[in-house]
Amino acid sequence: MGSLTVASILGQLQGKRVLILEQHYIAGGFTHTFKREKGYKWDVGIHYVGDLEDGHKFRRLFDFVTRGGVRWQKMPYIYDKFVFPDFTFQAPSDLDAFRNQLIAQFPHEEKALMQYFSDVDRADAWYRKYILYKHIPGMLKPLVKPSKADTTLATSSTKEYLDTHFSDQKLKGLLTSQWGNYGAVPGQSSFANHAMVVRHFYKGGYYPIGSSKTILQSIEPIIEHYGGAIKINHRVEEIILEGNTAVGVRGMQKKGKDFIPFEYYAPVIVSDAGAYNTYCKLLPKSAPVEAQRTDLSAHPNGLSHLCLYIGFKENPETLGFKGENHWIFDGYDHDELYSDLDAVTEDRMRMAFLSFPSLKDPESKAHTGEIITFISYDYFKKWSTERWKNRGEDYEAVKQEIAERMLNFIEGKYPGFKDLVDFYELSTPLTTEHFTLHRNGEIYGMHTTPDRLLKDWNQVKTPIKNLYLTGTDAAVLGVAGAFTGGVFASVELMGKSLGLLHYIKLENKAQAFAKELQAKGIRTVFDESNS
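An account of the accompanying structure is given in this report. (Residues numbered from 1 in each chain as written. Predicted model: local features only at pLDDT ≥ 70, side-chain atom pairs only at ≥ 80, totals over all residues. Heavy atoms only, no water.)

1. Observations regarding the overall build of the chain
Check the secondary structure of the chain and you find 20 helices and 19 strands. Compactness check: the chain gives a C-alpha radius of gyration of 23 Å against a globular reference of 24 Å for 531 residues, within 12% of the reference. Principal axes of the C-alpha set define a box for the chain whose edges measure 60 × 55 × 50 Å. Here the chain holds 531 residues, and 59% of them are scored as buried. Looking at the chain alone, contacts between residues at least 24 apart form 72% of all its contacts between residues at least 6 apart. (Helix = DSSP H or I, 4+ residues; strand = E, 2+ residues; numbered from the N terminus. Rg over C-alpha atoms; globule rule 2.2 N^0.38 Å. Buried < 20%, exposed > 50% of the residue type's maximum accessible area, 1.4 Å probe, protein only. Contact = heavy atoms within 4.5 Å.)

2. What about the sheet that holds strand β7 (residues 206-208)?
Strand order across the open sheet formed by three strands is β7-β4-β19, with mixed pairing between neighbours. The sheet is open, and its two borders are formed by β7 and β19 (525-526), each paired with just one other strand. Inspection of the sheet shows strand β4 (residues 72-74) paired to β7 by three bridges, in the antiparallel sense. Bridging from a neighbouring strand, Gln-73 pairs with Tyr-207 of β7. (Pairing = 2+ DSSP bridges.)

3. Looking at the sheet that holds strand β14 (residues 325-329)
Taken together, the seven strands give an open sheet; going across it, the order is β6-β5-β14-β15-β16-β13-β17, and neighbouring strands pair in mixed fashion. In this open sheet, the two edge strands, each paired with only one partner strand, are β6 (88-92) and β17 (421-427). The sheet shows a mean angle of 15° between the axes of neighbouring strands, direction not considered. Bridging between β14 and strand β15 (residues 351-355) involves four bridges; their strand directions are antiparallel. Paired with Ile-328 across the bridge in β15 is Ala-352. (Axes fitted to C-alpha atoms, helices over the stretch in contact; angles between N-to-C directions.)

4. Notes on helix α18 (residues 429-436)
Every buried residue of α18 is accounted for by Pro-429, Leu-430, Thr-431, Thr-432 and Phe-435. On its buried side, α18 packs onto β13 (305-312), α16 (393-413) and β17. Two residues or fewer after α18 comes Leu-437, characterised by a positive phi angle close to 65°.

5. Details of the side chain of Thr-5
Checked against the element boundaries, Thr-5 lands in helix α1 (residues 2-14). Note on Thr-5: relative accessible area 0%, which makes it buried. With residues up to four places along the chain from it excluded, the contact list for Thr-5 reads Val-65, Phe-483, Gly-486, Val-487 and Ser-490.

6. Overview of the packing of helix α4 (residues 110-134) against helix α10 (residues 191-200)
Where α4 meets α10, the closest approach of the two axes is 8 Å, and the angle between their N-to-C directions is 105°. Compared by their axis directions, α4 and α10 come out roughly perpendicular. Residues Tyr-116, Asp-119, Val-120, Asp-121, Ala-123, Asp-124, Trp-126, Tyr-127 and Arg-128 of α4 form the contact with α10, whose own contacting residues are Phe-191, Ala-192, His-194, Ala-195, Met-196, Val-198 and Arg-199. Counted by class, the contact of α4 with α10 contains ten nonpolar, one polar and five charged residues. (Parallel < 35°, antiparallel > 145°, perpendicular 65-115°, else oblique. Nonpolar A, V, L, I, M, F, W, Y, C, P; charged D, E, K, R; others polar.)

7. A closer look at the packing of aromatic side chains
Scanning the entire structure with this criterion turns up 44 aromatic pairs. Ring geometry for Tyr-48 against Tyr-79: centres 6.2 Å apart, planes inclined by 45°, an arrangement best described as tilted. With Tyr-48 in the loop between β3 (41-43) and α2 (57-66) and Tyr-79 in strand β5 (residues 78-83), this pair connects stretches of sequence that are 31 residues apart. Since its relative accessible area comes to 5%, Tyr-79 is described here as buried. Within the aromatic cluster, the residues linked to one another by ring pairs are Phe-82, Phe-89, Phe-98, Tyr-116, Phe-117, Tyr-161, Phe-166 and Phe-191. Across the ring face of Phe-117, the terminal group of Arg-99 is positioned such that the distance to the ring centre comes to 5.6 Å. Seen from the ring of Tyr-133, Lys-141 lies directly overhead, with NZ or CZ sitting 4.8 Å from the centre. (Phe/Tyr/Trp six-rings, centres within 6.5 Å; stacked < 30°, edge-to-face > 60°. Lys NZ or Arg CZ within 6 Å of the ring centre and 35° of its normal.)

8. Concerning α1
Over its 13 residues, α1 runs 18 Å from end to end, which matches the ideal 18 Å to within 8%, given 1.5 Å per residue. Among the 13 residues that make up α1, twelve are buried, leaving the element largely enclosed by the rest of the structure. Taken residue by residue, α1 has Gly-2, Ser-3, Leu-4, Thr-5, Val-6, Ala-7, Ser-8, Ile-9, Leu-10, Gly-11, Gln-12 and Leu-13 as its buried positions. Just downstream of α1, Gly-15 is the residue with a positive phi angle, here 65°. (Expected span 1.5 Å × (residues − 1).)

Quick look at the structure:
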């Protein structure tokens, strides 16, 4: 997503030719889809996206980058359900209703809840100011420098904040039900990351009509129009330096069973491989980035996961599902649940995310679902040296056993679920590692610890001249985060010291395009009332 965003913006605003090298046989990163028998199709990364309401900045920019080529379906009014042992909370696509439901259920915490929503807005605004602060000229930094009080709030842990302001454990568990969206339990995550996700879904969620593959399908023609290209099966293995300047890349192209070496040279190199891979694997040992390598190597491992992709015989609506997501927990203390990370391997699964791509996408041809839970990379490490699809019968047996346990866990919550299942396939952290090259199969890249946002590697610029980062490790996690990394990488490349002016130019172009779409009667977002 980060690379696609950069290529589209640089093409549209400056006519630049951009070459994207993708090591996978499908481009798009976590926005691609895959199919299996009987037409079953799943997205590997996108489960829902927020902030796509009319007039929202993210919506305008996304429409501009894709030239209106991605259409979004609004999810049901109850877009998320938080399922706990003794109650289920239905999250509405309306901030006032959400807040009022919480106060009605936890009246003794009303004052703290009002302060909480105010602080969520403060922490979210802090990040918007902070990322701008990182990318504007020094003379302008005092104008947008975040206050110390806001920085302290934003970079405290989510657990620290909740424990300071709330006494009700059930409420604390409920407020952090979406922690899987930001990749860290309350004790490990920054309050800023928590706040950004909470605010992102104030008005509910959206899903790409025709699946997330439409993102690549809309952007690739833009890249090609300006003379650029996307090359798949091209694995970059080294960034070529001349002195302290990045001048190209070299690697291997997979062609059938053969591997053919390649080199490409360019005036600017932008890496969407993640901060760890860029600094610790792609740059030569002689590169003057020892401080970044040391810090990245010591940074805690991020979240690794299991995903069970399911094809159904019948429509899951027969069991009452309507396209909402289900966050299911066997307790209220998410840190305690996470400490029992490998519980699923001992048949005592304790948490899951249940989602139905086919119920979100009006163009879906077959009924599908996904069950996600989290697990340590170490549990699968002994198979990490084996090749994809050739890891042996013992690996496949473990996968089968875990898949059954995941199905049984959902069956225990929703009787009749297993009877609907026609097909399933399990991905593990080794799958993620193989296709993304993320360290230990981390789904979100570098772990979202409270101090991550303050790290000097968590930005577009690097100490190497003409080398930049994009994607989630240049900003924050998720589709919106990767997109943001792409926007700020583009702004930096277009202007450097004049980057702020180019950001304003990009905003103006996006606003003009939004008016153009409106004048032509072209909609990119649909809900039950206008679809």
